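Structural overview
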Amino acid sequence: LGRMKPVIVVHGGAGRIFKEREEGCRAGTVRAALQGYGVLKAGGSAVDAVEEAVRSMEDDPHFNAGCGSVLNEKGEVEMDAIIMDGKNLDSGAVSAIKCIANPIKLARLVMEKTKHMLLTDQGAHLFAQAMGIPEIPGEKLITERSWERWKKNLEPDSNPEEFQKDLGTVGAVAIDSEGNVACATSTGGLSNKLIGRVGDTACIGSGGYADNHSGATSTTGHGESIMKVVLARLILYHMEQGMPPEVAADTALDYMKTRVGGLGGVIVVNKAGEWAARFSTKQMSWAAVKDDELHYGIHAGEKHVKSLGEA
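The structure presented is a predicted model; accordingly, all values stated were derived computationally and were not measured.

This paragraph deals with the overall build of the protein. Helices and strands together make up the secondary structure of the protein, namely 9 helices and 13 strands. Computed over the C-alpha atoms, the radius of gyration of the protein is 17 Å, within 12% of the 19 Å expected from 2.2 N^0.38 for a compact globule of 311 residues. Each of the 311 residues in the protein was classed as buried or not, and the buried ones make up 58%. Contacts in the protein between residues at least 24 apart in sequence constitute 66% of all its contacts with a sequence separation of at least 6. For the protein, the accessible surface area stands at approximately 12,800 Å², while carbon and sulfur atoms represent 52% of it. On the protein, the mean spot of the 34 positive side-chain charges and the mean spot of the 41 negative ones are 1 Å from each other.

Right under this line is the structure:
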């Protein structure tokens, strides 16, 4: 063992990425991929790497996760996150949590310190306290942009369907030098969502799935659509049938679009270390590192490649 070449792929959410935010999203996903890859190169596990990459994006206000999360109908941040270990199918998730900087850290603690897989709202809050996770005021997570958007969506003539197009979630998948895979996903959810709404992110098989026997995937897009087709697990199923990552991703996204009219994006790595970043939305910021080469893009068909030295 120990002969696998480590790979990490990250996404910063599928949807519409406005021109003035492109640079920030690109830089943020690249930074997250490089940080996650650093963990892998230093001998860290796939789980460590995806947690680190997602934490980096939660702390970046460009993304709809952690700081920068969108607001629910009441103007509050409620976040969901999941992490999964492909070695033994262990997973930890949290949903509808508030006043915490890094939901992904809490999800990891749920996986490692409890017999459960998903803690929600008040219970997740009590568990965070028990684990010594610092509480932060809810407004610390609210950016000017989220606030403006929330107010705009309250206007009587606003069209909720319009802002669903600007969807965001952050995620990462990785394979480490021992051949273990992992995934992590984190989000603030849908803008102006009902209080207590939980989307696909916290749901195993929808927001993410990791299994050493096939690979790992993290999803982004319209949560309700993703849940209807159990998108992450569907992609791994296609890979188990022999499809390469890119074909499996496209096939599953295509099915989601034709069957339930849902758009989204996915990142995938298979057990051989082959990877893909695919989306049916207008854009998705993504970055990947393999063989000391950085790949990244936002628009369909866009793919830049740099050596790590340049990056």
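Here the focus is the UniProt feature "active site" (unreviewed entry) in the protein. Taking the UniProt record as the reference, the feature "active site" (unreviewed entry) is found at Thr169. Mapping threonine 169 onto the fold places it in the loop between helix 6 (160–164) and strand 5 (170–175). Apart from the residues within four sequence positions on either side, threonine 169 is in contact with His11, Gly12, Gly13, Asn64, Thr185, Ser186, Thr187, Thr201, Thr219, Thr220 and Gly221.

Right, let's talk about the sheet that holds strand 4 (residues 118–120) for a bit. The strand order across the open sheet formed by 9 strands is 4-3-2-6-5-1-11-12-13, and the pairing between neighbours is mixed. If you trace the sheet from one side to the other, it starts and ends with strand 4 and strand 13 (304–307), each paired once. Going from strand to strand, the sheet's axes swing by 10° on average, the running direction of each strand aside. Examined bridge by bridge, strand 3 (residues 90–97) and strand 4 share 3 bridges and lie parallel to one another. Paired with alanine 93 across the bridge in strand 4 is leucine 118. Helix 2 (residues 46–58) contacts strand 1 (7–15), strand 2 (79–85), strand 5 and strand 6 (181–187) of the sheet and is inclined by roughly 160° relative to strand 5. Relative to the sheet, helix 4 (residues 121–130) contacts strand 3 and strand 4, its axis offset from that of strand 4 by approximately 105°.

Here we take up unusual backbone geometry. In this structure, leucine 89 takes a positive phi of about 65° despite not being glycine. Mapped onto the elements of the fold, leucine 89 is located in the loop between strand 2 and strand 3. Given a relative accessible area of 35%, leucine 89 falls into the partly exposed group.

As a further point, take the sheet that holds strand 9 (residues 264–270). Pairing in this open sheet of 4 strands is antiparallel, and the strands run 7-8-9-10 from one edge to the other. If you trace the sheet from one side to the other, it starts and ends with strand 7 (208–211) and strand 10 (275–279), each paired once. Going from strand to strand, the sheet's axes swing by 10° on average, the running direction of each strand aside. Pairing geometry for strand 8 (residues 215–221) and strand 9, over 7 bridges, is antiparallel.

Take the nonpolar core next. Core analysis: the largest hydrophobic core is formed by 49 residues, its most contacted members being Ile8, Val10, Ile83, Val94 and Leu106. A per-element tally of this core places helix 2 first, with 7 residues. What valine 10 contacts, discounting residues up to four positions off in sequence, is Thr29, Ala32, Ala33, Ala53, Met57, Gly171, Ala172, Ile267, Ser285, Trp286 and Ala287.

For the rest of this paragraph, the subject is the UniProt feature "binding site: substrate" (unreviewed entry) in the protein. Sequence positions flagged by UniProt for "binding site: substrate" (unreviewed entry) are, in local numbering, Arg197, Val198, Gly199, Asp200, Thr220, Gly221, His222 and Gly223. Secondary-structure assignment places arginine 197 in the loop between strand 6 and strand 7. With residues near it in sequence (within four places) discarded, arginine 197 still touches Glu78, Asp80, Gly189, Leu190, Gly223 and Glu224. With respect to the helices and strands, threonine 220 occurs in strand 8.

Let us look at the packing of helix 3 (residues 103–113) against helix 4. Between helix 3 and helix 4, the least distance of the axes is 11 Å, while the angle of their chain directions is 80°. Relative to helix 4, helix 3 is oriented roughly perpendicular. The residues of helix 4 that touch helix 3, namely those facing Leu106, Leu109, Val110 and Lys113, are Ala124, Phe127 and Ala128. Looking at side-chain class alone, the contact of helix 3 with helix 4 contains 6 nonpolar, no polar and 1 charged residues.

Thresholds applied
- Residues numbered from 1 in each chain as written.
- Predicted model: local features only at pLDDT ≥ 70, side-chain atom pairs only at ≥ 80, totals over all residues.
- Heavy atoms only, no water.
- Helix = DSSP H or I, 4+ residues; strand = E, 2+ residues; numbered from the N terminus.
- Rg over C-alpha atoms; globule rule 2.2 N^0.38 Å.
- Buried < 20%, exposed > 50% of the residue type's maximum accessible area, 1.4 Å probe, protein only.
- Contact = heavy atoms within 4.5 Å.
- Areas by Shrake-Rupley, 256 points an atom, 1.4 Å probe, with all protein chains shown as cover.
- Lys, Arg positive; Asp, Glu negative; His and termini not counted.
- Charge placed at Lys NZ, Arg CZ, Asp CG, Glu CD.
- UniProt positions renumbered as here; feature names shortened; annotations may be inferred.
- Pairing = 2+ DSSP bridges.
- Axes fitted to C-alpha atoms, helices over the stretch in contact; angles between N-to-C directions.
- Core = buried A, V, L, I, M, F, W, Y, C linked by side-chain atoms within 4.5 Å.
- Parallel < 35°, antiparallel > 145°, perpendicular 65-115°, else oblique.
- Nonpolar A, V, L, I, M, F, W, Y, C, P; charged D, E, K, R; others polar.

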